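One letter stands for each residue in the lines below.
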Amino acid sequence: SESGVHMLYYFRQECKLSRQYFINTSDIFTINKITEDLPDGTQRTYLKSEITDKNIKRYVFIDDFCGSGSQATSYLKKLVENIKFENKNIEVNYLMLFGTETGVTGVRNLKLFNNVEAVFTIDETFKAFSVDARYYKIIPDEVIDKDFSKLTATKYGEKLFNSPLGYGNCELLLGLYHNTPDNSLPIFWSESNEWQPIFKRYHKIY
């Protein structure tokens, strides 16, 4: 899917797959001009969208990260619905490297995909300030207080992003080699109000 393109080259190399199996979403459908004769002797011309290769029985969308699941809805929903409309027997899968439990469950509940799986599922313990946050299990010599840490992240995060604890309040401490998800704490990635991030996020430009 959208940011998954960063991984596809390496995925293809590691799995020793042919390039023919990797297509853009724009290649799935072809727009054909159809002209038909009408009973009154005139003709009607219109455009019809059809699946380009009708021999394909399975599509796999690969993503790097699924946080809230909103991207699967906004970016893929119509596309997958159109595929299924053309042929309900086509299998459509959504696979990701990292996915929050909430995001993965949300995508599954859409009932769009035949399979939704993550290599690594991020549970509540990976939220920076959850009750069972794993980051405070072993306290260093100098005590780090979770409530104070949350207060600090919220105080500065409010000046940086409309969700001070990350998009969807995910409270993540996650960065990838090509970008930092906005589900992570904004104090790490935001450049708003002259803030200097340590893991800069590159926002999508539509």
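As a reminder, the structure under discussion sits directly above these lines.
Chemist: So, the packing of aromatic side chains: which residues are in play, and what are the values?
Modeler: Evaluation of the coordinates by the stated rule reveals eight aromatic pairs. Relative to tyrosine 177, the ring of tyrosine 10 has its centre 6.5 Å away and its plane inclined at 85 degrees; by these criteria the two rings are edge-to-face. Note that tyrosine 10 is positioned in helix H1 (residues 5-15) and tyrosine 177 in the loop between helix H4 (146-157) and helix H5 (186-189), a separation of 167 residues in sequence. With a relative accessible area of 46%, tyrosine 10 lands in the partly exposed category.

Chemist: Report on the pairing of strand E5 (residues 115-122), specifying residues and quantitative values.
Modeler: Bridge count for strand E4 (residues 91-100) against E5 is seven bridges, and the pairing is parallel. Residue methionine 96 lies in a different strand from E5, and its bridge partner there is alanine 118. Once the chain exits E4 it traverses helix H3 (residues 101-109) before rejoining the sheet at E5, and the crossover so formed is right-handed.

Chemist: Got a sec to walk through the environment of leucine 38? Specific residues and values, please.
Modeler: Mapping leucine 38 onto the fold places it in the loop between strand E1 (29-37) and strand E2 (43-51). Between the alpha carbons of leucine 38 and proline 197 there is a distance of 64 Å; along the sequence they are 159 residues apart. If we skip the residues at most four places from it in the chain, leucine 38 touches Gln43 and Arg44.

Chemist: Tell me about the pattern of salt bridges, residues and numbers included.
Modeler: Enumeration over the complete set of coordinates arrives at seven salt bridges. Across the pair lysine 48 and glutamate 50 runs a salt bridge, and its minimum N-O distance is 3.7 Å. Residue lysine 48 is classed as partly exposed on the basis of its relative accessible area, which comes to 37%. You can call glutamate 50 partly exposed: its relative accessible area is 22%. For arginine 108, the salt bridge identified is with glutamate 117, shortest N-O distance 3.3 Å. According to the relative accessible area criterion, glutamate 117 is partly exposed, its value standing at 41%.

Reading guide: rules and limits
- Residues numbered from 1 in each chain as written.
- Predicted model: local features only at pLDDT ≥ 70, side-chain atom pairs only at ≥ 80, totals over all residues.
- Heavy atoms only, no water.
- Phe/Tyr/Trp six-rings, centres within 6.5 Å; stacked < 30°, edge-to-face > 60°.
- Helix = DSSP H or I, 4+ residues; strand = E, 2+ residues; numbered from the N terminus.
- Buried < 20%, exposed > 50% of the residue type's maximum accessible area, 1.4 Å probe, protein only.
- Pairing = 2+ DSSP bridges.
- Right-handed = clockwise from strand over helix to strand, strands pointing away.
- Contact = heavy atoms within 4.5 Å.
- Salt bridge = Lys/Arg side-chain N within 4 Å of Asp/Glu carboxyl O.

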